[in-house]
Structures are given as structure tokens and as C-alpha cells.
Amino acid sequence: MDQTRSAHLMKPEDLLQRLSPTRNQKCTVGCPVLDRLLGGGVPCNSITELVAESGCGKTQISLQLLLSAQLPTALGGLSASSLYLYSESPFPLRRLHQLSSSFPTLRNPLDKVLTHPLHSAHHLFDVLSQIDSLLSFRESSSSPPIKLIVIDSVAALFRFEFENNPRDLKQRSGLFFRISSKLKEQARRFGLAVVVINQVVDVIDDSDGFRIGNSTCLYTSERKVCAALGLSWANCVNTRLFLSRHEERIAQEVGDDCFTTQTRRFIRVAFAPHLPDSYCEFVITRERVFGLES
Ligand SMILES: Nc1ncnc2c1ncn2[C@@H]1O[C@H](COP(=O)(O)OP(=O)(O)OP(=O)(O)O)[C@@H](O)[C@H]1O
């Protein structure tokens, strides 16, 4: 095919891809089943939200991402370091160390994870405003560039800072947009995958609420929930992944009256510009998080 003809057939997205080779880059989650659900992994140049009640695995998946991002691009990683911004408890170093045993090819993986505590939503904005120089420096230095930022958790930062009155809610939305604009700008400029962690709130009335993404209602632990921070925050993220857990009673032997309980966990695409409505079951062990073939 000659040059003129191929130029005719070029689509706008092909041109963007040429201008920015990392545009469609994804970071493996470290499991082929989860990667398949996500169309290859967590996208760069984009904000991906993990939303779930406590104990579902948001932190564990994020920690695994800090390691998988270090894998070479040939193995689905980003050959990169990560920055983990955390608000709630001390950085879970021991858990990261346990997970690192599933990544035997990585050398000194804990050294390639930068961490920083966060005290408030305003503090998050200040930190993001200050890291441009760090991101630029790492791009040009001999140490691996930073290509993944995890914020654990954005809901916790906003929970206590704003009251439920019109003035505070307006200020809160303003801060959402300032934070997400900054993150999107950095994601585009430095080819970052950005992962933000959010919590859920119970839906207490009988209405189904309004539809955001693939469904009106999300269920976890037999409760009807929705993502915290409302519609204005939902507009700030590109992809929302909902994690849920469900306790299941299992008879110890056939016909037995004695039951044990088993926790089953699911990850579902709540919305994403590039993914269909889909889900898969996943398992957490000390050493890894992995999806189950359906
Ligand atoms: N070191 C560990 N070894 C094995 N399982 C663990 C370990 N740490 C956590 N888990 C399991 O992973 C589950 C998910 O924990 P995780 O902290 O990732 O959840 P989370 O959704 O981030 O919760 P939270 O919002 O409370 O931080 C826990 O309920 C526990 O069963």
C-alpha cells in the first residue's frame, strides 16, 4: 500500500498514538485474568478508581500494582517506580514485602516505591502541585521514572473536612475538580497510570437512585451501596472498578448441619470508556491477588 493511501486510512486515534506512544499503554495487575477484565491492565494517561467497602481488597490490589508497574514493558509492566500517597494508616510495608515474593525477577522492589502521607484534601492538592519537579527529574535521571500514582484513600481525605451544607459541598466539588484536573494533567504529561481509592456509603432509601455507569445499584455484604463522594467526583474519574465481598455458607460435609463461611470477592467494571460491563471473581492471599477463570 502506498504512502498516500495509508495516510487516507489513518484514523484520528492512530495520529494521537503516533504523537504519544504511551497513550494506550497499560500496567498489568500481575494476573492474566484480571488483565483480561481490564483490557490489558490499568491504563496510563487516565484516572482509575477502585471503590469498595472496607476489607474488599482495594489496598491489596494497589500494593500489587506497585510491584507489577516495575516489571519490564515486555511483561506488561511500565519499567517504572511508583508513588503511593496514603491517608489512613501507616504504609503497609510488611504486606508489600509479602506480595513481593510473587515477583522474584524484581530487584529491590521496595526501593522503587516512594511513599508520602496525606493529612487532608487540601494537603493532597498541595502535594500534587509540588511533585511536577520530582516527576520531571525522574523522567530525565538514571533511576526508573515514576509511572504510577496511587492515592489511598481519597474518600477518607474528604470525609471530615466538609460539612453537608450547600457552601461546603460547593467548595468540596471545587476541590474535586482542582485535584482531578491536576492528576489528569500529570497523567497526560508524564504518561502516568493514576489509581484512586474510594469508599462506599449505604443507600438507605428504597429508591434505586440515579444510574451512574453500568448500574443503578451496587451490592456488597448484602448491602445496597453507592460510591462515596457523589456525582461530581464520579465525573472526575475515567474508570470506576467496584469491588465487592459476599459471605457464603458452606456445609462442611454433604447433608451436614455445620456450616463454615467463605468470603467471595468480585471486581466489576462500573464504568470505563474502553471496557464493557463485565466482572470476575478474585482471591486474595498473602502473596498475591488473582482472578478466577469463569
Ligand atoms: N497480609 C495479608 N495477608 C493475607 N490477607 C490479607 C493481608 N492483608 C489483608 N489481607 C486480606 O485482604 C483483605 C483486604 O484487605 P485490604 O486492606 O486490601 O482491603 P481494603 O478494601 O483496602 O480495606 P480498607 O478500606 O479497610 O483499607 C482483608 O480483609 C484480608 O482478608
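Presented here is an overview of the structure given in this document. What you are looking at is a predicted structure, and each value in this text was computed from that prediction instead of being measured.

Turning to helix 9 (residues 166–190), a few remarks are in order. Helix length check: helix 9, at 25 residues, gives a terminal C-alpha distance of 36 Å against a target of 36 Å (1.5 Å per residue), a fit within 8%. Within helix 9, burial applies to Asp 168, Arg 172, Ser 173, Leu 175, Phe 176, Ile 179, Ser 180, Lys 182, Leu 183, Gln 186, Ala 187 and Phe 190. A positive backbone phi angle near 65 degrees is found at Gly 191, which sits one or two residues after helix 9.

Buried within helix 5 (residues 93–100) are the following residues: Leu 96, Gln 98, Leu 99 and Ser 100. Elements that come into contact with the buried residues of helix 5 comprise helix 4 (58–68) and strand 5 (113–117).

Summarising the sheet, strand 11 (residues 239–251) and strand 12 (residues 259–271) pair through 12 bridges and their orientation is antiparallel. Counted as the bridge partner of Arg 249 is Thr 261 from strand 12. Of the pairings in the sheet, the one linking strand 12 to strand 13 (residues 279–284) comprises four bridges and is antiparallel in character. Looking across to strand 13, one finds that Arg 268 is bridged to Tyr 279.

Near the ligand you find 13 residues, and of these Ser 54, Gly 55, Thr 59, Gln 60 and Arg 286 are the closest. At 3.1 Å, a backbone N or O of Cys 56 approaches an oxygen atom of the ligand. Separating an oxygen atom of the ligand from a backbone N or O atom of Gln 60 is a distance of 2.8 Å. For the shell around the ligand, the secondary-structure elements that each account for two or more residues are helix 4 and helix 5. No other element matches helix 4, which puts three residues into the shell around the ligand. Among the residues making up the shell around the ligand, the classes are represented as two nonpolar, six polar and five charged.

How each quantity is defined
Residues numbered from 1 in each chain as written. Predicted model: local features only at pLDDT ≥ 70, side-chain atom pairs only at ≥ 80, totals over all residues. Heavy atoms only, no water. Helix = DSSP H or I, 4+ residues; strand = E, 2+ residues; numbered from the N terminus. Expected span 1.5 Å × (residues − 1). Buried < 20%, exposed > 50% of the residue type's maximum accessible area, 1.4 Å probe, protein only. Contact = heavy atoms within 4.5 Å. Pairing = 2+ DSSP bridges. Near = heavy atom within 4 Å. Polar contact = N/O pair within 3.5 Å; in protein donor to acceptor, adjacent residues only side chain to side chain. Nonpolar A, V, L, I, M, F, W, Y, C, P; charged D, E, K, R; others polar.

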